[in-house]
Each structure stands twice: as C-alpha cells, then as structure tokens.
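Descriptive analysis of the structure
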Amino acid sequence: TKIFQPFSTMYEFDSGALNPQGKLISRRLSDMSSMYQDSEAVQALLNDNPLIYEVYNVEVPENEEHIQHCTTILYPGKVGSEFFMTKGHYHEIINRAEIYFCLKGKGLLIMQTKEGEFSSLEMEPGTIAYVPPYWAHRTVNTGDETFVFFAAYPGDAGHDYGLIETEGFVKAVMEQAEKYALVANPSY
Ligand code: M6P
Ligand code: ZN
C-alpha cells in the first residue's frame, strides 16, 4: 500500500475559496440552461451568461480510501423568479452519503430519492446538513448575498447528473412575496 502524505488546505473566510485552490469548477447559466423553469428568462440572460457557482475541490484520489472535500460558492441571483442553484446530482455509487456545512449566506438544500420522496433543509452559517445514501441533492441561494458551504463525501461516490438533467427535481425553488416557495416542477 502506498502511504499518502497528510496535508491541509486553507479556507478563505472572505471569499469562500480554498488555498491552494485545487480543481476549480465554474458553472455559468449556459452550462445548465435547460434546468431552469422559465425558458424566456433563460434566453434573456444568456447573452450576459452569469456565473452561477464555483467549486474549489481539494484533489484526492477518487477511491473508497479517501474523502473528497470542497467548498461551493453559490452567487445570489434569479432566472425569472427561480433562485440560482447548483445542477444537483445522485452519486454514481448511489448509496454514498454526504455532509454539507454552511459557512456564509443562506440557502436551501433540496433532496429527493428515485422513488419521488422529497425533502428540504434550510442552511445558514453553522448548519451541518446530512445527505443520507440514495438522496439526490441540490443547493439553492435563497438570499441576496453569496452562499458558501463546505462538503465532504466518500472518495468513490462520483456524480450522476443524468436523471436530474432530464427530469429535474420534484420541486423548484422560486421567489414569492420576498420569500422562497417550493413549486411543483411540471417536467418531473
Ligand atoms: C457540493 C458537492 C460537490 C458538487 C458541488 C456542486 O460541493 O456536492 O460534489 O460538485 O456541490 O454541485 P453539482 O455537482 O450538482 O453541480
Ligand atoms: Zn454529492
């Protein structure tokens, strides 16, 4: 067995970034345009193509011995009345769990199973949310400042976007009367 060397990473409290930054993923509206409910609002925003979120991922091997960990910076904004959100995924190895720890801003963690069960948890700085095995997960920025959270999950979990890309989540998170509302997604 090859022994891996211990190391640490710095979390930058102001920006939510990691140092060293690791593998950086940036997602703009064009990377997930079909996931928003209001296609006219999508078209109107596509020229600007806003940055929706960034993930700073510490690089460790993608196998069961290791623990993947990262921060996600989800910017405030809406597409029509739907709040900015991550794509969301099941794990490729579907019985792998995940932990989210909210560091900044506020948001909603929405989850569902393949049986159509749905659940949501509000996140604010200090919230530690547990995503159990078998639950797809997506985060949504329901506030007007940047929402940042730390995530950790088994190294071999992987990301499965397939069903989320075609059907989406059971519910969409929309702004209504200056609050958020969970609205049935007609394509689910
Ligand atoms: C969290 C973790 C990551 C994930 C990221 C963005 O940080 O769950 O594994 O990649 O959110 O979410 P998504 O991959 O669904 O776009
Ligand atoms: Zn995950």
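Residues numbered from 1 in each chain as written. Chains lettered and ligands numbered in written order. Predicted model: local features only at pLDDT ≥ 70, side-chain atom pairs only at ≥ 80, totals over all residues. Heavy atoms only, no water.

1. As for the sheet that holds strand S10 (residues 118–123)
This is how the line gets drawn: One requirement defines pairing of two strands: DSSP has to find at least two bridges between them. Secondary structure elements follow DSSP: runs of H or I no shorter than four residues count as helices, runs of E no shorter than two count as strands, and numbering proceeds from the N terminus. To obtain each axis, a line is fitted to C-alpha atoms, and for helices this fit is confined to the stretch in contact; angles are then taken between N-to-C directions over 0 to 180 degrees.
In spatial order, the strands read S10-S9-S12; together these 3 strands make up an open sheet with antiparallel pairing. A strand with exactly one partner marks an edge of an open sheet, and here the two such strands are S10 and strand S12 (136–141). Averaged over neighbouring strand pairs, the angle between their axes works out to 20° when direction is ignored. Direction of pairing for strand S9 (residues 107–112) relative to S10: antiparallel, over a ladder of 6 bridges. Directly across from Met111, in S10, lies its bridge partner Ser119.

2. Quick look at the environment of Leu163
Rules: Three exposure classes are used, based on accessible area relative to the maximum for each residue type with a 1.4 Å probe and protein chains only: buried under 20%, partly exposed in between, and exposed over 50%. Working rule for contacts: check all heavy atoms of both residues, and any pair within 4.5 Å makes them a contact.
If you trace the backbone, Leu163 turns up in helix H2 (residues 162–167). A relative accessible area of 32% means that Leu163 is categorised as partly exposed. Residues Leu163 and Ala136, spaced 27 residues apart in sequence, show a C-alpha to C-alpha distance of 9.7 Å. Other than its neighbours up to four places away in sequence, Leu163 contacts Tyr90, Lys114 and Gly168.

3. What to know about the pairing of strand S15 (residues 179–184)
Taken together, the 6 bridges between strand S14 (residues 171–176) and S15 define a ladder with antiparallel strand orientation. When the bridges of S15 are listed, Gln176 appears paired with Lys179. Between S14 and the antiparallel strand that follows it, S15, lie 2 residues; Ala177 among them carries a positive phi value of about 50°.

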